[in-house]
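Observations on the model geometry
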Amino acid sequence: MNANIVLTGLMGGGKSSVGKMIAKQLKNYTFVDVDDVIVDLEGMSIPEIFSKKTEKYFRETEKNVIAELSEEENLIIALGGGAFEDKETREKLKENSIVFYLKADVNTLYDRIKDDTNRPLLQCDNPMEKLKELLEKREPNYLKADYVIDTEGINTSDIAKKVIYGYDIIESNVGKTKINLTKNLRLIMRIFQLRIMK
């Protein structure tokens, strides 16, 4: 079984762009954006879902979609910014996935999305302050990812290469069973950290 590659992080972190770039390199993998799946299922945009069906409904749908995707293999999954907040979702993903947190400074994140009206949580009087609040709240769980990649000053192509490199190291060292993935992951992530910083 090939472990899925999961990308998490706050909105503007580049999860979709990086995921698509990875898919171009790993031909036997398919890229899936969880937000896009939800939009297709509901037949409306995310702001419309928040407005007409509430954020709670969106989160429940998001959780169900991720649970189904996590049963598949050979996927590159870009999570929505709030998905990794859910404990059951985190545990489910780690059964058959290697999770990467794409970390960026809040100012960088804001510059990337400040003109994007498809971000319902930022449709407020002070979106920058709201983004800071979200990062402060969510980052403790983002940091529970299997590995953190600092994306500051790195282009999409190079971020994708770092993810692929880390994934290859992990897969080649832990094998492809869930038991080995869990047992040896911390050691392999340490090896990855030492090599990727070179």
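Please read these numbers as outputs of a predicted model, since none were measured by experiment. (Residues numbered from 1 in each chain as written. Predicted model: local features only at pLDDT ≥ 70, side-chain atom pairs only at ≥ 80, totals over all residues. Heavy atoms only, no water.)

Side note on the sheet that holds strand β4 (residues 97–103)
Rules: What makes two strands pair is DSSP finding at least two bridges between them. Comment: elements are numbered from the N terminus, with helices defined as DSSP H or I runs of at least four residues and strands as E runs of at least two. Angular values range over 0 to 180 degrees, each being the angle between N-to-C directions of two axes fitted as lines to C-alpha atoms, with helices fitted over their stretch in contact. Contacts are residue-level and defined by heavy atoms, with any inter-residue pair within 4.5 Å sufficient.
Read from one edge to the other, the open sheet built from 5 strands follows the order β2-β3-β1-β4-β5, with strand pairing classed as parallel. The sheet terminates laterally at β2 (30–33) and β5 (147–150), the two strands that pair on one side only. Neighbour to neighbour, the strand axes of the sheet diverge by 25° on average, direction disregarded. As paired elements, strand β1 (residues 4–8) and strand β3 (residues 75–78) share 3 bridges and run parallel to each other. Considered in β3, the bridge of Leu7 is made with Ala78. Across the sheet, helix α2 (residues 34–42) is in contact with β2 and β3; its angle to β2 comes to roughly 65°.

Quick word on the pattern of salt bridges
Our working definition: Every case where a carboxyl oxygen of Asp or Glu lies within 4 Å of a side-chain nitrogen of Lys or Arg is listed as a salt bridge. For every residue, the accessible area obtained with a 1.4 Å probe (protein chains only) is divided by the maximum for its type, and the residue is called buried under 20%, exposed over 50%, and partly exposed between those limits.
A complete count under the given rule lists 9 salt bridges for this structure. The shortest N-O distance in the salt bridge between Lys63 and Asp86 comes to 3.6 Å. You can see Lys63 sitting in helix α3 (residues 46–69) and its partner Asp86 sitting in the loop between β3 and α4 (87–95), a full 23 residues away along the chain. Here Lys63 falls in the partly exposed class, since its relative accessible area comes to 28%. Judged by its relative accessible area of 26%, Asp86 falls in the partly exposed class. Of the charged contacts, one joins Lys103 and Glu139 as a salt bridge, the two residues approaching to 2.7 Å between their closest N and O atoms. Residue Lys103 is found in strand β4, and its partner Glu139 is found in helix α6 (residues 127–142); the two are separated by 36 residues along the sequence.

These results come straight from atomic positions and should not be treated as a statement about function.
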